[in-house]
Each structure stands twice: as structure tokens, then as C-alpha cells.
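# Chains, contacts and geometry: an overview
One-letter residues, chain by chain:
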Amino acid sequence: LIIGALLGCAAMMLINKNRVLLVGTAIDSKRIGRVIHILESDAIVNSVHDVKAIMIGADRGRFKAEINFNGKELARRCRLRMEPR
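Notes on the structure in this doc start here. (Residues numbered from 1 in each chain as written. Predicted model: local features only at pLDDT ≥ 70, side-chain atom pairs only at ≥ 80, totals over all residues. Heavy atoms only, no water.)

## Quick look at the pattern of salt bridges
A side chain with one charge may pair with a side chain of the opposite charge, provided their charged atoms come close. Following the criterion strictly, the structure yields five salt bridges and no others. In this structure, Asp42 and Arg77 form a salt bridge, with 2.6 Å as the shortest nitrogen-oxygen distance. Linking Asp42 in the loop between helix H2 (29-40) and strand S2 (45-55) with Arg77 in helix H3 (residues 71-82), this pair joins segments that are 35 residues apart in sequence. Note on Asp42: relative accessible area 29%, which makes it partly exposed. Arg77 gets classed as partly exposed once you look at its relative accessible area, which sits at 30%. A salt bridge links Glu73 to Arg76; the nearest nitrogen and oxygen atoms lie 2.7 Å apart. (Salt bridge = Lys/Arg side-chain N within 4 Å of Asp/Glu carboxyl O. Helix = DSSP H or I, 4+ residues; strand = E, 2+ residues; numbered from the N terminus. Buried < 20%, exposed > 50% of the residue type's maximum accessible area, 1.4 Å probe, protein only.)

## Quick word on the sheet that holds strand S1 (residues 25-26)
Spatial strand order, S1-S2-S3: three strands in an open sheet with antiparallel pairing. Of all the strands in the sheet, the pair left with one neighbour each is S1 and strand S3 (61-69). The pairing of S2 with S3 spans eight bridges and is antiparallel. In the sheet register, Val45 faces S3, and the bridge partner there is Phe69. Contacts from H2 reach S2 and S3 within the one sheet, and its direction differs from that of S2 by about 150°. (Pairing = 2+ DSSP bridges. Contact = heavy atoms within 4.5 Å. Axes fitted to C-alpha atoms, helices over the stretch in contact; angles between N-to-C directions.)

Here's what the structure looks like:
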């Protein structure tokens, strides 16, 4: 009975310790701001909306955003890639 209680306590400690990694936590706003700045600094991006970002594990994250593209710049870049060199 005592061994079962000790194992239960150990399991609860491990669950509490790793719960944050299992559920996912929000990425800090500075890091999200840097990613948005990098995206918006490209001429092909007009604006970035509806950003959502979470950490998935200790060293991985997921970033989701709606991006409004500059159609003229996109067409220009596509045309440059399709031209023979």
C-alpha cells in the first residue's frame, strides 16, 4: 500500500512537471514581434493578421498567421524566376 502511494506521488510530480510541455505554452510577445517584423520587412508581404503561436515541447514551436500578399511584387518575382538566364 505504501509503495503504491509513493508511485502515485511520483507520477503526480512528473505530470505536474511536464504538463506545460504536453499542453503547450504561449510564445513570448517579443519573439512573436520579431517574426512579424521579419515577415513584414519583405516587400511581398503587405500585412500580417490573426497571429497565433505556441510552444510544442522544449525546443519547438508552431506559428500561424494570415498574411496579405502584395500581388504585384509576387507576380514580378514569379516572372523573374521564369525568365531564362
